[in-house]
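Residues per chain are reported as follows:
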Amino acid sequence: MSHYVQLFVQAAFVENLALSFFLGMCMFLAVSSRISTALGFGATVMIVQTLTVPLNQLINTWLLRPGAWAWAGLPELDLSYLGLISYIGVIAAFVQIVEMTVDRFFPALFRALGIYLPLLTVNCAILGGTLFMVERQYTFGEAAVYGAGSGFGWALAICAMAGLREKLAYADPPEGLRGLGLSFVVAGLISLGFMGFAGIDLR
Amino acid sequence: MTSAVHALAAPETHASPHIRDHLDLSAAMRCVLWAVTPAALFGAVNAGQQVLSAARVVGLDALPGWQLALVRVLGFPPSPESPGASLVVGLACAVPIVAVAAITGWLWSRLFARMRGRSSPEALPVAVTLFALCLPPGIPLWQVALGSSFAVVVGLEIFGGTGRNPVHPAVVGFVFLYFAYPASFSGPGVWVALEGAPGATVLGTLAENGPTAVRASQMRWTDTLIGWQPGALGVTSALASAIGGAFLVYAQLASWRVIAGGVLGLAASAALVNALGDPGQPGVGLPWAWHLTTGSFAFAIVFLATDPVTSPSTAPARFVYGILIGVLTLLVRVFSPSHPEGAMLAILLGNVLAPLLDHATVRVHCWRRRRRRG
């Protein structure tokens, strides 16, 4: 149990996808101008991440990795070169379902997110989560916890960013830093804050 | 409350916000400077006393010649028992650091002020003073200048000055230096400004060798409360910070909820970790009262966390913010072997999450109102 708690904390804070690996930066900066939108988008990413990482783990274990086809009597088959396209396929299918659900039940959020919702398909944070899972050879349970943790960390990061950016409405930056420039600086400051977690080791 | 600060009042209102009151922005900032004075003065005496005690072991020759000459000229015996000698040596450590931080910060703010055609931000003196007081006495001066530049430019000026910065400039400057030059924050000759002096902080000893080593060091809890311990320039005395905090709360410049939340969060989480934690881990086992008085927590929660610009603005959020800082401080102290002290990191994270806490408070309030009124 404590192993899973540690994995969750590690994925959410220590190895925060947005602030330690700088993955998913485009949406991190594009959808973080208001807290309400960021909350909705963060929740969406968390759901997608929590479900696609374990799903891809199953696909990798039973279909792709070397020796995965042993259950069908083909132990020498290695389909791992199909990895990227299969993972993206799973993510794309999943995002399509999420998109239809959001459109049906949360039309306001759907309008606010605009093009960024379908673009979740190519969000590097989500693909990155899957690829980390493959590289670290997580079991199914670990993959589920890792997906939830990394999704939660990304959602927390974008919400914190949105909070600070709402506050920046009062800022008066020099000419060259107006708009996105100042947001980059703020993202750096948040990342500096998260560096405090870097050495934390819960046992 | 107003009579307390009448004597410090500003004669006229110059810059925005244009509210005429005898407690305007620069008067409020002067109050904070007054509040931090006891901690700073005591910190100087303590820094000098630590240097002189270490010199007794290492030898007086390790002391810079001009400091020794200064002590002798003023007629003090160069021993840690003499408060005069301690103050002189301590000021010789502290004044250059504070002066370099202040001058660098002032130059940057003049540059921005000229560019924008208005006066320097009122928050500048407080920001650079607090930044300098959080630094270890043995830090090289060029790093002080670099950190102060980062604090003033990235922490304050590019956002437009007082009241517009999302995170506390002093914290930004400190954390920047802490991660950029970790060697200046650990090892010999750092927390006691004497070359080759061991002088580990209480929390440094704890992180390295565990609570038994702290108990073996003969230091008593009252020593740490008063502030006789190696540490950063102005932060060692929890008592002096508490006095400054009492003044700030009385003058309504600091929120008591933040301070109470922080103390409660740190004490409760320390007690919890000591009760449930694995005793084999070095950080587990230091009593909660020691956690409150060691490191820079007391100073940071009183002077840095209560900054009205970067802390939340709603009452429940302030309390939660304080608790969050206390708990995060303990988490870093106990579970992060590479960072013996986490108060500044916790405040940076607290600042980052502050707007979210406000948002959550408003949402909960709206929801409860709707439930009550239908």
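Every chain is numbered independently, its residues counted from 1 as its sequence is written. Just so you know, chain letters begin at A and ligand numbers begin at 1, following the order they were written in. This being a predicted model, a pLDDT of at least 70 is required before a residue's local features are given, and a value of 80 or more before pairs of side-chain atoms are given or counted; all residues contribute to the totals for chains, interfaces and linings. For the side-chain quantities, the full set of heavy atoms in the structure was used; hydrogens and water were omitted.

Draft legend 1. Region of interest: the overall build of chain A. To qualify as a helix, a DSSP run of H or I must reach at least 4 residues; to qualify as a strand, a run of E must reach at least 2; elements of each kind are numbered from the N terminus. Counting its secondary structure elements, chain A contains 9 helices and 0 strands. Listed N to C, the secondary structure of chain A is α-α-α-α-α-α-α-α-α in terms of helices and strands. For 203 residues, the compact-globule estimate of 2.2 N^0.38 gives 17 Å, and chain A sits close to it at 18 Å. Oriented by its inertia axes, the alpha-carbon framework of chain A measures out at about 65 × 40 × 30 Å. A burial count over chain A gives 51% of its 203 residues as buried. Working definition of accessibility: Shrake-Rupley area with a 1.4 Å probe, residue cover restricted to the visible protein chains. Counting only carbon and sulfur atoms, one obtains 69% of the accessible surface of chain A, whose full area is about 9200 Å². Charge assignment: positive for Lys and Arg, negative for Asp and Glu; neither His nor the chain ends contribute. The atom standing in for a charge is NZ when the residue is Lys, CZ when it is Arg, CG when it is Asp and CD when it is Glu. Charge separation in chain A, taken as the distance between the mean sites of 9 positive and 11 negative side-chain charges, equals 10 Å. The size measure is the radius of gyration over C-alpha atoms, and the globule rule it meets is 2.2 Å times the number of residues to the 0.38 power. Any residue under 20% of the maximum accessible area for its type is buried, any over 50% is exposed, and the rest in between are partly exposed; the area is computed with a 1.4 Å probe on protein chains only.

Draft legend 2. Looking closely at the overall build of chain B. Summing up its helical and strand segments, chain B has 16 helices and 0 strands in all. For 374 residues, the compact-globule estimate of 2.2 N^0.38 gives 21 Å, and the C-alpha radius of gyration of chain B, at 21 Å, lies within 12% of that figure. With respect to the principal axes defined by its C-alpha atoms, chain B has extents near 75 × 55 × 40 Å. Split into buried and exposed, the 374 residues of chain B put 54% on the buried side. Should any heavy atoms of two residues lie within 4.5 Å, those residues are counted as being in contact. Within chain B, residue pairs in contact and separated by at least 24 positions form 73% of the contacts whose partners lie at least 6 positions apart. Looking at chain B as shown, the accessible area adds up to about 15900 Å², and 66% of this sits on carbon and sulfur atoms. Between the averaged position of the 21 positive side-chain charges in chain B and that of its 14 negative side-chain charges there is a distance of 15 Å.

Draft legend 3. Examining the confidence of the model for chain B more closely. All names here are of chain B. Each residue carries a pLDDT score, the predictor's confidence in it, ranging from 0 to 100. Looking at chain B, the pLDDT average stands at 89 and 94% of residues meet or exceed 70. Averaged pLDDT values for the elements of chain B fall to 49 in helix α1 (residues 2-6) and rise to 96 in helix α6 (residues 141-155). Scoring the predicted complex yields pTM 0.91 and, for the interface, ipTM 0.89.

Draft legend 4. Spatial organisation of the environment of T361 of chain B. All names here are of chain B. Here T361 lies in helix α16 (residues 343-373). A relative accessible area of 17% places T361 in the buried class. C-alpha of T361 to C-alpha of W66: the two residues are 295 residues apart in sequence and 56 Å apart in space. Residues contacting T361, with those up to four places away along its chain left out, are T314, P316 and A317.

Draft legend 5. View of the pattern of salt bridges. The term salt bridge refers to a pairing of a side-chain nitrogen on Lys or Arg with a carboxyl oxygen on Asp or Glu at a separation within 4 Å. Throughout the structure, instances matching the rule amount to 8 salt bridges over all chains. Its salt-bridge partner being D172 of chain A, residue R118 of chain B comes within 3.2 Å of it at the nearest N-O pair. Of the two residues, R118 of chain B sits in the loop between α4 (83-116) and α5 (124-133) while D172 of chain A sits in the loop between α8 (140-167) and α9 (180-194), which places them in two different chains. The exposure class of R118 of chain B is partly exposed, given its relative accessible area of 36%.

Draft legend 6. Representation of the confidence of the model for chain A in the model. Residue-level pLDDT values for chain A average 89, and 100% of them are 70 or greater. Across chain A, the secondary-structure element scoring lowest on mean pLDDT is helix α6 (residues 116-119) of chain A, at 82, and the one scoring highest is α8 of chain A, at 94.

Draft legend 7. Spotlight on the packing of aromatic side chains. Under the pairing criterion, centres of Phe, Tyr and Trp rings, with the six-membered ring standing for Trp, must be within 6.5 Å; the plane angle then separates stacked pairs below 30 degrees from edge-to-face pairs above 60, leaving the rest tilted. Per the counting criterion, the structure on display carries 17 aromatic pairs over all chains. Summarising the aromatic geometry, the rings of F13 of chain A and F197 of chain A are spaced 5.0 Å apart at their centres and angled 40° between planes, so their arrangement reads as tilted. Taken together, the residues F13 of chain A in helix α1 (residues 2-14) and F197 of chain A in the segment after α9 connect sequence positions 184 residues apart. Residue F197 of chain A is classed as buried on the basis of its relative accessible area, which comes to 9%. Note on F150 of chain B and F176 of chain B: the rings are 3.9 Å apart at their centroids and 5° apart in plane angle, and the pair reads as stacked.

Draft legend 8. Structural detail: the domain arrangement of chain B. Residue and element names in this part refer to chain B. The domain boundaries here were taken from an automatic or database domain assignment. Partitioning chain B into domains gives domain 1 (26-199) and domain 2 (238-374). Once you take the C-alpha centre of each, domain 1 and domain 2 turn out to be 24 Å apart. Contact with domain 1, which involves 23 residues of that partner, is made by 22 residues of domain 2. Here domain 1 and domain 2 share an interface that buries about 1900 Å² over both sides, 84% of which is from carbon and sulfur atoms. Polar contact is the term for a pair of N or O atoms within 3.5 Å; when the atoms are in protein, one must be able to donate a hydrogen and the other to accept it, and sequence-neighboring residues count only if both atoms are side-chain atoms. Summed over the shared surface of domain 1 and domain 2, the number is 1 residue pair in polar contact (both at pLDDT 80 or more). The buried area of a pairing is the accessible area, by a 1.4 Å probe, that goes missing from both parts when the two are put together, added over both.

Draft legend 9. Structural detail: the packing of α8 of chain A against α9 of chain A. Residues and elements named next belong to chain A. It is at 10 Å that the axes of α8 and α9 come closest, and there the two elements cross at 130°. When the axis of α8 is compared with that of α9, the two are oblique. In this structure, the crossing between α8 and α9 has a hand that is right-handed. For the pair formed by α8 and α9, the contact residues are L156, A160, M161, L164 and R165 on the first element and L180, S183, V186, A187, I190 and F194 on the second. Only Asp, Glu, Lys and Arg are considered charged, only Ala, Val, Leu, Ile, Met, Phe, Trp, Tyr, Cys and Pro nonpolar, and every remaining residue, Gly among them, polar. Split into classes, the residues belonging to the contact of α8 with α9 amount to 9 nonpolar, 1 polar and 1 charged. Working convention: axes come from line fits to C-alpha atoms, limited for helices to the stretch in contact. Angles between N-to-C directions cover 0 to 180 degrees. By definition in this entry, angles of less than 35 degrees are roughly parallel, angles greater than 145 are roughly antiparallel, angles of 65 to 115 are roughly perpendicular, and the rest are oblique. Less than a right angle of anticlockwise turn of the near helix away from the far helix marks a crossing as left-handed, whereas a clockwise turn marks it as right-handed.

Draft legend 10. Spotlight on helix α12 (residues 256-276) of chain B. Residue and element names in this part refer to chain B. With 21 residues, α12 ought to run about 30 Å at 1.5 Å a step, and its terminal C-alpha atoms sit 30 Å apart, in line with that. For α12, every residue scored as buried is listed here: V258, I259, G261, G262, G265, L266, A267, S269, A270 and V273. The inward-facing, buried residues of α12 contact α11 (238-250), α13 (288-293), α14 (297-304) and α15 (315-335). With a side-chain oxygen positioned 3.2 Å from the backbone nitrogen of R257, the residue opening α12 is S255. Take the number of residues in a helix, subtract one, and multiply by 1.5 Å to get its expected span.

Draft legend 11. Main features of the nonpolar core. Note on terminology: a nonpolar core comprises buried Ala, Val, Leu, Ile, Met, Phe, Trp, Tyr and Cys residues joined through side-chain atoms within 4.5 Å. Counting 138 residues, the largest nonpolar core has F28, F41, L120 and W154 of chain A together with L135, F299 and L304 of chain B as the members making the most contacts within it. With sequence-adjacent residues up to four places away left out, L120 of chain A is seen in contact with M27, F41, T44, V45, V48, I91, V95 and I126 of chain A. One finds L68, V71, V88 and V192 of chain B within the second-largest nonpolar core, a separate group that totals 14 residues.

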